[in-house]
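What the coordinates show
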Amino acid sequence: MCGIAGIYTPGRDIDAELPARLAAALSHRGPDGQGMFAEQGVALIHTRLSIIDLEHGQQPLYSQDRQRVLVANGEIYNHVELRQSLQGRGERFNTGSDCETILPLSASDSGPDADFAHQLEGMFAFALYNRSSGELLLVRDRFGIKPLYYCELPGGIAFASEIKALVRVLPDKPQPNLEAVGRFLQINFASGDETAIKGIYRVPPGGFLKVSPDGDIETGIWWSLEQSLKEQPVFNGDEQAALETFDELLQNVLQKHLRSDVPVGLFLSGGVDSSILATELSRCSFGKQLPKSWSLAFNSTTVHDESEAAGAVAQACSLELEFVKSEPIRLFDQLVYAIWASDELMGDFASLPTVVLADRASQSHKVVLSGEGGDEVFAGYGRYRMPVFQRWLAQLRAPGSGGFRTKGRFNRSQARGLIKPSQQASLFGHWRVPFIRSWKRFAGLDRLTRMQATDIATWLVDDLLVKADRMMMVKGVEGRVPFLDHRLVLFGLSLPQSLRQRGRVGKYLPRTWLRAHLPQVEQGRKKGFSVPVADWVRSLDPVRLEQALMRSPLLTAILDRTELQGLLAKLPQLDRKLIEPVAALIQLAIWYRLFIEQAGARPPEKIDPLEWLLN
């Protein structure tokens, strides 16, 4: 697990300062060391968090003839099997690094660009430079678990694991992308190929980018969820057969996810997904050392406290559990830092407790399992069970996505009134495009699978996985997400609807499996991290909040100040449905200052958000 970056401008000299800027911006992703390959027109940078082959796994990695150079972020979980197969064909290796298997695979594959990546099981983003052909290839994993961004430079590109590195090498001063900003305001994340900063783009999940020696840029997809679903046979067995298949897959996936030369822990909430991982951990052999887990415990009765449920699961599974205690309202002292760490314009307040847990876990562990993906893969969300009439009305109001993902935070008249009429078209004219495109992309699938796949292509990659990667990596912790092994994903989406949801209950198959393997623990209703956003927003001083928001050039340009003053005058008793728009504006002001005005400079880890905005 690491950070990668680079510059490729064929035939042009690279300013010596630029690679150093990229490396400095990613130092938190790789506190254990840095490596660089450089020759005319190309620089590949790696910042290392050592997980496998601690002594010899430094990057860049080189092919035996030193003509292929690799920098990679992530984990290749099937590297043991790949290494054995490749050695049987006569390949030799320089290190025990899991990522070194990419080099001989890429050399021996005669298929289309990045076709060799189909042989990789894992989470990864890598850059592969061929010194003989002069081609640079960027590749991202199937579901976008690992991040990868790029921007165009004169005669080539720069790429990096995080946006905060690229803002330091953009040809011009960073500028906000208003269409992406509008998506954030409406849905809490800026989905699509474009980021919220003009000129910085995402390599999409399952995507690649190739730069030729003449500077031409080619983009494409090496793996697609829709094509894989077409090829995946629908599961036709009964419930018992499904449970047995699920069990077999879980064991195989977790066995590979536990491959590490450092201890592996677990974030444990007591919910279905983390409880399944805890149960699987209890079936693995760790000798006398119990696997360690962490859970939040709030010193408050105003928010949901997961500690009791987590404690019951840990006891039943013989896990060591450490409670990380926090005052809920004090979480917001880390809001500025969490937005900087998030890198993306993404407003999930669950980032706050996640960074708290990651900080504590980092004191003893470098690898932590987490349950992201379980709800999308096995249909856990309530929105997948919308009544037919409600769905029909939603489709009438907002056509294009079958009544799915039609509501935005600023759809209500009072919230929309905060935005100047002259700015509403540019901000909100296209906010549903990612959902509409995904809905069309997965045409031909049944409605439930179509909703799940749409969430996987948008919400999961651009919100949940951003939170999981950035909040852990900023603390030097690698987050592993077993439910997003592509075999588990395709299995979950191939199940008949009756094994995904029954009546008003989602995740039917995982719940049934858990009841059989952990019968002594009662399953509760699904709950995410509880963050008292409404309490915090209502506690703010309206005058200082208005001053803080209107100090931002972006918010000054888009907000109607009179409407804002009227809304904030009611702040202590503000309707809960208006809390989210106000909270989003605070986050946007912080993001703009961090990434547009300060070019990604690191803020204090703990500071009052309004105080920081006003200073």
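Scroll up to find the structure this text is about.
Residues numbered from 1 in each chain as written. Predicted model: local features only at pLDDT ≥ 70, side-chain atom pairs only at ≥ 80, totals over all residues. Heavy atoms only, no water.

**So, the overall build of the protein**
Along its length, the protein carries 25 helices and 17 strands. Here the C-alpha radius of gyration of the protein, 24 Å, is about what a compact globule of 615 residues would show, namely 25 Å. Oriented by its inertia axes, the alpha-carbon framework of the protein measures out at about 75 × 60 × 50 Å. Counting over 615 residues, the protein shows a buried share of 62%. Put simply, of all contacts in the protein between residues at least 6 apart along the chain, 74% involve residues at least 24 apart. A total of about 23300 Å² of accessible surface is found on the protein, and carbon and sulfur atoms cover 47% of it. The centroid of the 70 positive side-chain charges in the protein is displaced by 6 Å from the centroid of its 71 negative side-chain charges. (Helix = DSSP H or I, 4+ residues; strand = E, 2+ residues; numbered from the N terminus. Rg over C-alpha atoms; globule rule 2.2 N^0.38 Å. Buried < 20%, exposed > 50% of the residue type's maximum accessible area, 1.4 Å probe, protein only. Contact = heavy atoms within 4.5 Å. Areas by Shrake-Rupley, 256 points an atom, 1.4 Å probe, with all protein chains shown as cover. Lys, Arg positive; Asp, Glu negative; His and termini not counted. Charge placed at Lys NZ, Arg CZ, Asp CG, Glu CD.)

**Describing a nonpolar patch on the surface**
A cluster of nonpolar side chains, Phe 389, Trp 392, Leu 393 and Leu 396, forms an exposed patch at the surface whose accessible area comes to about 440 Å². In this fold, Trp 392 is placed in helix α13 (residues 388-397). (Patch = residues over 30% accessible without salt bridge, like charges linked within 9 Å, V, L, I, M, F, W, Y side chains within 5 Å. Salt bridge = Lys/Arg side-chain N within 4 Å of Asp/Glu carboxyl O.)

**Details of the sheet that holds strand β9 (residues 156-160)**
In spatial order, the strands read β2-β3-β1-β9-β8-β10; together these 6 strands make up an open sheet with antiparallel pairing. The sheet is open, and its two edges are formed by β2 (34-39) and β10 (200-202), each paired on a single side. Mean inter-strand twist for the sheet, computed between neighbouring axes without regard to direction, equals 15 degrees. The sheet contact formed by strand β1 (residues 2-8) and β9 spans 4 bridges and is antiparallel. The residue of β9 that forms the bridge with Ala 5 is Ala 160. (Pairing = 2+ DSSP bridges. Axes fitted to C-alpha atoms, helices over the stretch in contact; angles between N-to-C directions.)

**Concerning the nonpolar core**
Among the nonpolar cores identified, the biggest contains 192 residues, and Phe 126, Leu 185, Leu 225, Leu 588 and Trp 591 are the most heavily contacted of them. Setting aside residues up to four positions removed in sequence, Phe 126 forms contacts with Ile 4, Leu 70, Val 71, Ala 72, Ile 102, Phe 116, Leu 120, Leu 137, Leu 138, Val 139 and Leu 148. (Core = buried A, V, L, I, M, F, W, Y, C linked by side-chain atoms within 4.5 Å.)

**Concerning the environment of Gln 423**
Note that Gln 423 resides in helix α15 (residues 421-428). Put simply, Gln 423 and Ala 241 are 182 residues apart on the chain and 55 Å apart in space, counted from C-alpha to C-alpha. Leave out the neighbours within four places in its chain, and Gln 423 touches Leu 178, Ala 557 and Ile 558.

**Observations concerning the packing of helix α11 (residues 351-361) against helix α17 (residues 447-473)**
When two helices pack together, you describe them by how their axes are tilted relative to each other and by the distance separating the axes. Between α11 and α17, the least distance of the axes is 8 Å, while the angle of their chain directions is 40 degrees. In this view, α11 runs oblique relative to α17, as classed from their interaxial angle. Judged by the twist between their axes, the crossing of α11 over α17 is right-handed. Contact residues: α11 offers Ser 351, Thr 354, Val 355 and Ala 358, while α17 offers Lys 467, Met 471 and Met 472. (Parallel < 35°, antiparallel > 145°, perpendicular 65-115°, else oblique. Left-handed = near helix turned anticlockwise from the far one by under 90°.)

**Section: unusual backbone geometry**
Cis rather than trans, the peptide bond between Gln 59 and Pro 60 has omega equal to 10 degrees. If you trace the backbone, Pro 60 turns up in the loop between β3 (42-48) and β4 (61-62). Positive phi values are uncommon outside glycine, yet Ala 114 reaches one of about 65 degrees. For Ala 114, the location among the structural elements is in the loop between α3 (102-108) and β6 (122-130). Residue Ala 114 is classed as buried on the basis of its relative accessible area of 2%. We note that Asp 343 has phi near 75 degrees; this positive angle belongs to a residue other than glycine. With respect to the helices and strands, the residue Asp 343 is situated in the loop between α10 (335-342) and α11.

**Focus on helix α8 (residues 272-282)**
The element α8 is extensively covered by neighbouring structure, given that 10 of its 11 residues are classed as buried. Val 272, Asp 273, Ser 274, Ser 275, Ile 276, Leu 277, Ala 278, Thr 279, Glu 280 and Leu 281 are the residues of α8 that are buried. Turning to α8, the residues buried within the fold contact α7 (239-257), β13 (264-267), α9 (307-317), β16 (367-369), α12 (374-378) and α19 (508-517).

**Structural notes on the side chain of Ser 275**
Along the polypeptide, Ser 275 turns up in helix α8. A polar side-chain atom of Ser 275 sits 3.4 Å from the main-chain carbonyl oxygen of Gly 270. (Polar contact = N/O pair within 3.5 Å; in protein donor to acceptor, adjacent residues only side chain to side chain.)

**So, the sheet that holds strand β14 (residues 292-298)**
The parallel open sheet is built from 5 strands, whose spatial order is β15-β14-β13-β16-β17. In this open sheet, the two strands that pair with only one neighbour each are β15 (320-326) and β17 (478-480). Between one strand axis and the next, the sheet turns through 30 degrees on average, direction left out of account. For β13 and β16, the ladder comprises 3 bridges, and the chain directions are parallel. Residue pairing across strands places Val 264 opposite Val 367, the latter belonging to β16. Sheet strands in contact with α8 are β13 and β16, and its direction is about 150 degrees off that of β13. Seen against the sheet, α11 touches β13, β14, β15 and β16 and runs at an angle of roughly 135 degrees to β14.

**A look at the packing of aromatic side chains**
Ring pairs (aromatic) are described by centroid distance and by the angle formed between their planes. As enumerated under the stated definition, the model contains 24 aromatic pairs in all. Considering the side-chain rings of Phe 246 and Phe 378, the 5.3 Å spacing of their centres and the 75 degrees angle between planes classify their relative orientation as edge-to-face. Taken together, the residues Phe 246 in helix α7 and Phe 378 in helix α12 connect sequence positions 132 residues apart. The class of Phe 378 is buried, set by a relative accessible area of 1%. Aromatic rings pair up to connect Phe 189, Tyr 381, Tyr 384, Phe 404, Phe 435, Trp 439 and Trp 459 into one cluster. In this structure, Arg 502 is placed above the aromatic ring of Tyr 508, and the distance from its NZ or CZ to the ring centre is 4.0 Å. (Phe/Tyr/Trp six-rings, centres within 6.5 Å; stacked < 30°, edge-to-face > 60°. Lys NZ or Arg CZ within 6 Å of the ring centre and 35° of its normal.)

Read these as spatial facts, not as claims about activity.
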